[in-house]
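Structural features, examined
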Amino acid sequence: PPSKGWWLDQLFHYHGFWLSTFALRGSMLLHDHFKPRPTDIIVATSPKCGTTWLRALVFSIVNRHSFDFSDHPLSKMNPQELVFFLEGAIYIDGSTSFVDGLPSPRLLSTHLPYSLLPKSMTDDASDCRFVYICRDPKDVFISKWHFANKLRSKHLPPIALEEAFDSFCKGVSHYGPFWDHVLGYWKASLESPKKVLFLKYEDVKKQPSDCVRKVAEFLEVPFSPEEESKEMVEEIVKLCSFENMSNQEVNKNATRNSGRPISNSDFFRKGEVGDWVNHLSPQMAEALDHITEQKLQGTGFNFR
Ligand code: A3P
């Protein structure tokens, strides 16, 4: 039965995950109609883990020979217009016609948990690849809460932190439980390292150049010594940095309407590690850490 979600709409419990109507319908259409190509590259995330950033990085790594850095598509377009939201595009069309029409290699993104993707995408026989990014759940929660309040109607009172926290801890949030989402991709990255690359937001923040090289190697487009000597990795890091992207006019656009319920500027807030300290009480942080510890017990994975 539908459960009242704390974000924008109702969420439905489906094969262990909480999905909105559009994610559920998009996932079903994906199963029935999507034909992956061996060249497909999928940016996969749980919301608020760095989708926008990873979209920008993957786009600029893959297309680095096609564009000049001084006049780059990322300075005119939001990353969601360059790396298309798979289940969203399919839901809007009611079919796969838009994604079928994209030239190869297609750059797509999804929030769907690994276990909810069609076998045609996750089978080792299928060559499409996933780049996944996760983030400390405390920062994810705070980012989600801010995002939800930004999108909330001005006529409604803001979502109380405590109410949102309770929901998130119970796993009831878009594409949640958050921990199960992360573990699904993490296990897939261990079982199929050529298919799934697993990154952490905090690592990309700390050593962005190393992460850019890692993504390029995974996608089999490593940087040549000549590119290294031209400092192309550093150019990409700079281009995709929060400072640069959040200051682009296109990403300051705050227009929302019924056809575009989320504005470009909604995807940029602080872009920092550890902002949760400014919002969560020590008891809340401890409670969330405790849940994380329990969820990760015996898996060999941690967020540090
Ligand atoms: P905060 O709310 O903590 O600032 P997503 O893209 O998955 O929706 O995630 C949004 C989060 O990533 C927001 O986090 C946003 O500010 C941050 N973000 C957006 N672009 C970024 C970038 N280029 N570098 C680092 N963080 C970025």
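Before reading further, recall that the structure is shown in the block above.
This report concerns the structure included in the present document.

The rules behind these values
- Residues numbered from 1 in each chain as written.
- Predicted model: local features only at pLDDT ≥ 70, side-chain atom pairs only at ≥ 80, totals over all residues.
- Heavy atoms only, no water.
- Buried < 20%, exposed > 50% of the residue type's maximum accessible area, 1.4 Å probe, protein only.
- Helix = DSSP H or I, 4+ residues; strand = E, 2+ residues; numbered from the N terminus.
- Pairing = 2+ DSSP bridges.
- 1 Å grid on protein atoms, 1.4 Å probe; cavity = no way out; pocket = protein on both sides within 12 Å on 5 of 7 lines; lining within 4 Å.
- Points joined across faces, edges and corners; volume = space filled by probe spheres on them.
- Expected span 1.5 Å × (residues − 1).
- Near = heavy atom within 4 Å.
- Polar contact = N/O pair within 3.5 Å; in protein donor to acceptor, adjacent residues only side chain to side chain.
- Areas by Shrake-Rupley, 256 points an atom, 1.4 Å probe, with all protein chains shown as cover.
- Sits in = over half its atoms within 2 Å of the grid points.
- Nonpolar A, V, L, I, M, F, W, Y, C, P; charged D, E, K, R; others polar.
- Core = buried A, V, L, I, M, F, W, Y, C linked by side-chain atoms within 4.5 Å.
- Contact = heavy atoms within 4.5 Å.
- Axes fitted to C-alpha atoms, helices over the stretch in contact; angles between N-to-C directions.

With that out of the way, let us pick up the pairing of strand β4 (residues 41–45). Looking down a regular strand, the side chains alternate between one sheet face and the other. A large share of β4 lies buried, amounting to five of its five residues. In β4, alternate side chains face the same way, and those of I41, V43 and T45 on one face and I42 and A44 on the other are all buried. Across four bridges, the pairing between β4 and strand β6 (residues 107–110) is parallel. Within the sheet, the bridge partner assigned to I41 lies in β6 and is L107. Here β4 runs beside strand β7 (residues 129–134); their pairing, made up of five bridges, is parallel. Its bridge partner being in β7, I42 is matched across the sheet by F130.

In this structure, the largest pocket occupies an estimated 1,400 Å³ of space. Considering the residues around the largest pocket, the lining is formed by 47 residues, among which R55, Q80, F85, I262 and F267 are closest to the centre. Counting only elements with at least two residues in the lining of the largest pocket, the list comes to α2 (51–62), β5 (84–85), α3 (86–93), α6 (137–151), α9 (201–206) and α13 (242–246). Considering each element in turn, the lining of the largest pocket owes the most residues, five residues, to α3.

Another aspect to go through is α2. Helix length check: α2 (12 residues) gives 16 Å between terminal C-alpha atoms against 16 Å at 1.5 Å per residue, within 8%. For α2, a buried count of 11 out of 12 residues is recorded, marking the element as mostly surrounded by other parts of the structure. Within the span of α2, buried status applies to T51, T52, W53, L54, R55, A56, L57, V58, F59, S60 and I61.

The next point concerns the site of the ligand. Taken together, 18 residues surround the ligand, and among them K48, T51, T52, S143 and K270 come closest. A distance of 2.5 Å separates an oxygen atom of the ligand from a polar side-chain atom of T52. K270 places a main-chain nitrogen or oxygen 2.7 Å from an oxygen atom of the ligand. Surface burial for the ligand is 98%, taken as the share of its 560 Å² of free accessible area covered by protein chains. Taken atom by atom, the bulk of the ligand overlaps the largest pocket. Counting residues per element, the ones that place at least two in the shell around the ligand are α2 and α13. With three residues, the top contributor of residues to the shell around the ligand is α2. Residue classes in the shell around the ligand are distributed as eight nonpolar, six polar and four charged.

Where a protein is soluble and globular, its nonpolar side chains tend to be buried together. Core analysis: the largest hydrophobic core is formed by 87 residues, its most contacted members being M121, F130, F141, Y185 and F301. The residues touching F301, leaving out its near neighbours within four places in the chain, are C134, V182, L183, W186, F198, K200 and L296.

On to the sheet that holds strand β8 (residues 196–200). The sheet built from five strands is open, its strands ordered β5-β6-β4-β7-β8 with parallel pairing. Whereas interior strands pair on both sides, the edge strands pair on one side only; in this sheet they are β5 and β8. Here β5 pairs with β6 via two bridges, running parallel. If you follow F84 over to β6, its bridge partner there is L108. Here α2 sits on the sheet in contact with β4, β5, β6, β7 and β8, set at roughly 160° to β4.

Assignment of secondary structure puts N251 in helix α14 (residues 249–252). Judged by relative accessible area, which is 2%, N251 ranks as buried.

In this structure, P105 follows S104 across a cis peptide bond, with omega equal to -5°. With respect to the helices and strands, P105 occurs in the loop between α4 (97–100) and β6. Despite not being glycine, H15 has its phi angle at roughly 45°, a positive value. For H15, the location among the structural elements is in the loop between β2 (10–14) and β3 (17–20).

Function-wise, these values are silent; they only describe arrangement.
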